[in-house]
Amino acid sequence: MPRREEVRFAVKALPLGGPNRAELMRTMMPHPLVYQELPFDPEFGLYNNRLVALRFPSVPAEDMYWAIRREAVTRHTGEYALEIRGPDAVRLLNFVFTRDVSKVKVGRCSYQFACYDEGGMITDGVLVRLAEDRFWYGQAEGDLYSWLKAHGRGLDVEVIDPNLWISQVQGPNSLKILEAAIDGPYPEPFRYFDSATVSIAGQELLITRTGFTNELGWEYYMTPDIDAEAVGDRIAEVGEAFGLRPISIFGARRIESGLLNAGSDFDETTTPFDVGLGAMVDFEKGEFVGREALMKADRRCRLWGMKVEGEGAFPWNGRAIKIDNEEVGLVCSSAWSPYLQCGVAFVRMDDPEHGPGTRVDVDCKDGQVHPGELCELPMYDKDRAIPRGKLVDIPERIGD
């Protein structure tokens, strides 16, 4: 399997000249385990100025989907982890995030997002409380580092880039892989949204019961002082017996699950209420950025799931939704669901009165207009029992 030296060679061999190559070499930081993806001829993109595999052309999307639902997958992400530490760490985070950070216990994680003064959303991510005055925040794409630094002025707090890299292991077999990979006993308890410190291949690292699929899963955080390749190789080695394979994207599974992607499903133009996250705005906790605007905002949801009828009906992203030939909404993210056997999408409707059950026409990539219907999210497993380990649901692969 290729190693780091071959990754560097591949980047240097890009057909770019002069300042373009110098700039890309500066910004395109590959994940330390990217060598595990190279055999699949990945197509890369930039995410948080990090090189991330967006597509494996040689691997059918359906194969990756069924691996998530039936076995296990690993994805090396471009999440950008920040460290916030100091006596005023909670004060700063409570001012920037909409949820009450003081309620997050040491050893627990919390989904958190930040808003601008006008109420539009900046980015989201998972906050891990390492100690009373120390946190890691694995953020989606966006510049929260500068936002935190600016609002931390005058506070006894540090906001630093600890140069962390995050990978995910997801799927029904993910916790079996964890148990086989760690050097010591399995961490107990290790509940949904818990964190723990374990040793893998002699390397001590933080793991969390989180992920971007709504399947069983965990993530691991690699600091600069550990041998990341030893960790990655150990997980890959024990994972073979459980069907572990690298994938490029979570695609239809995250849409079915109602897991939003920063920049496409929400952005600076949307409030948390617009995209169904109003329950995560805590007006009782005191002042926070965007509070005044959100107090006055329309609290009706405009973002829903959509199922599109027709074999291979894959909606175009963009203003592809019509009622009586009039554009009425935006397709934010879309995919084909091998399990539901229909096209699935996140959509943002112009009129909040257009909710679940609304029938629409959708422009699709086959050049045809297909009928669709808005639906609630998640599209199944409404109580999220699968990622909590309370429901074992391994579907038969359709088409086999």
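What comes next concerns the included structure. (Residues numbered from 1 in each chain as written. Predicted model: local features only at pLDDT ≥ 70, side-chain atom pairs only at ≥ 80, totals over all residues. Heavy atoms only, no water.)

Focus: the pairing of strand β13 (residues 217–222)
- Burial runs high along β13: six of the six residues are buried.
- Burial along β13 is two-sided: the residues G217, E219 and Y221 and W218, Y220 and M222 are all buried.
- Note: strand β10 (residues 165–170) against β13, six bridges, orientation antiparallel. Residue pairing for β13: V169 is matched across the bridge by W218.
- Alignment of strand β12 (residues 203–208) against β13, held across three bridges, turns out to be antiparallel. Within β13, the residue paired with I207 across the bridge is Y220. (Buried < 20%, exposed > 50% of the residue type's maximum accessible area, 1.4 Å probe, protein only. Helix = DSSP H or I, 4+ residues; strand = E, 2+ residues; numbered from the N terminus. Pairing = 2+ DSSP bridges.)

Quick look at the pattern of salt bridges
- What the rule picks out here adds up to 22 salt bridges.
- Between R69 and E215 there is a salt bridge whose closest N-O contact spans 2.7 Å. With R69 in helix α3 (residues 61–70) and E215 in the loop between β12 and β13, this residue pair connects regions lying 146 residues apart in the sequence.
- The exposure class of R69 is buried, given its relative accessible area of 0%.
- Classification of E215 by relative accessible area gives buried; the value is 4%.
- As a salt-bridge pair, K322 and D363 come within 2.7 Å of each other at their nearest N and O atoms. Note that K322 is positioned in strand β16 (residues 318–323) and D363 in strand β19 (residues 359–363), a separation of 41 residues in sequence.
- A network of salt bridges, in which partner residues are shared, links R69, E215, R253, E256 and D393. (Salt bridge = Lys/Arg side-chain N within 4 Å of Asp/Glu carboxyl O.)

Some remarks on the packing of aromatic side chains
- In the structure shown here, the tally under the stated rule is 13 aromatic pairs.
- Across from the ring centre of W165, 3.8 Å away, lies the NZ or CZ of R50, which sits over that ring.
- Above the plane of the ring of F250 lies R75, whose end atom (NZ or CZ) is 5.8 Å from the centre. (Phe/Tyr/Trp six-rings, centres within 6.5 Å; stacked < 30°, edge-to-face > 60°. Lys NZ or Arg CZ within 6 Å of the ring centre and 35° of its normal.)

Describing the side chain of K322
- Judged by relative accessible area, K322 falls into the buried class, the value being 18%.
- Reaching out from K322, the side chain makes a polar contact with the side chain of D363 at a distance of 2.7 Å.
- For K322, the contacting residues outside a window of four places in its chain are E327, V328, V360, D361 and D363. (Polar contact = N/O pair within 3.5 Å; in protein donor to acceptor, adjacent residues only side chain to side chain. Contact = heavy atoms within 4.5 Å.)

Any functional reading would require information beyond the geometric quantities listed.
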